[in-house]
Amino acid sequence: MCNMECVGDQYRGCGHYVPIYETGNTTDCGSPYCKLSTAHMHKTARNCGCNTEYADHQRVRNLFQTKCERCQAAEAAQGMDYGRRTAGRHR
């Protein structure tokens, strides 16, 4: 599968990668079963069923130690306090 470079933010708190933009830089996989590759074997077929989507080559722009905004919003909706210290001792 051919790759397209995607730049985004990585959040260690939840493990999510949030894409910001695609650079347009692509990498050819060289597979005859990938319609995006120069080595594609069905050059004249209109509907060959080969892969037609790029895989993301993720490049990290920022590395955050917190959870992403979507996860923080989901926790807030459930009434959870992420990242706040609580009174008492943890066991």
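Here we summarise the structure given alongside this text. (Residues numbered from 1 in each chain as written. Predicted model: local features only at pLDDT ≥ 70, side-chain atom pairs only at ≥ 80, totals over all residues. Heavy atoms only, no water.)

**A word on a nonpolar patch on the surface**
Alright, step 1. A cluster of nonpolar side chains, namely V18, I20 and Y21, defines an oily patch on the protein surface of about 240 Å² accessible area.
Alright, step 2. Relative to the elements of secondary structure, V18 occurs in strand β2 (residues 17-27).
Alright, step 3. When its relative accessible area of 31% is taken as the criterion, V18 is described as partly exposed. (Patch = residues over 30% accessible without salt bridge, like charges linked within 9 Å, V, L, I, M, F, W, Y side chains within 5 Å. Areas by Shrake-Rupley, 256 points an atom, 1.4 Å probe, with all protein chains shown as cover. Salt bridge = Lys/Arg side-chain N within 4 Å of Asp/Glu carboxyl O. Helix = DSSP H or I, 4+ residues; strand = E, 2+ residues; numbered from the N terminus. Buried < 20%, exposed > 50% of the residue type's maximum accessible area, 1.4 Å probe, protein only.)

**Some points on the pairing of strand β1 (residues 3-11)**
Alright, step 1. In terms of burial, β1 is a largely internal element, eight of the nine residues being buried.
Alright, step 2. Of the pairings in the sheet, the one linking β1 to β2 comprises seven bridges and is antiparallel in character. When the sheet's bridge partners are listed, C6 is paired in β2 with E22.
Alright, step 3. Examined bridge by bridge, β1 and strand β3 (residues 55-64) share nine bridges and lie parallel to one another. By the bridge assignment, N3 is partnered in β3 with A55. (Pairing = 2+ DSSP bridges.)

**Notes on the pattern of salt bridges**
Alright, step 1. Here the structure, examined in full by the defined rule, presents three salt bridges.
Alright, step 2. Two residues, K67 and E75, come together in a salt bridge whose shortest N-O distance is 2.4 Å. An identical accessibility class is assigned to K67 and E75; each is buried.

**Some remarks on the packing of aromatic side chains**
Alright, step 1. Inspection of the entire model under this criterion finds one aromatic pair.
Alright, step 2. Considering the side-chain rings of Y11 and F64, the 5.0 Å spacing of their centres and the 20 degrees angle between planes classify their relative orientation as stacked. On the criterion of sequence distance, the pair formed by Y11 in strand β1 and F64 in strand β3 is long-range, its members being 53 residues apart.
Alright, step 3. Assessed through its relative accessible area of 11%, Y11 is described here as buried.
Alright, step 4. With relative accessibility at 32%, the residue F64 sits in the partly exposed group. (Phe/Tyr/Trp six-rings, centres within 6.5 Å; stacked < 30°, edge-to-face > 60°.)

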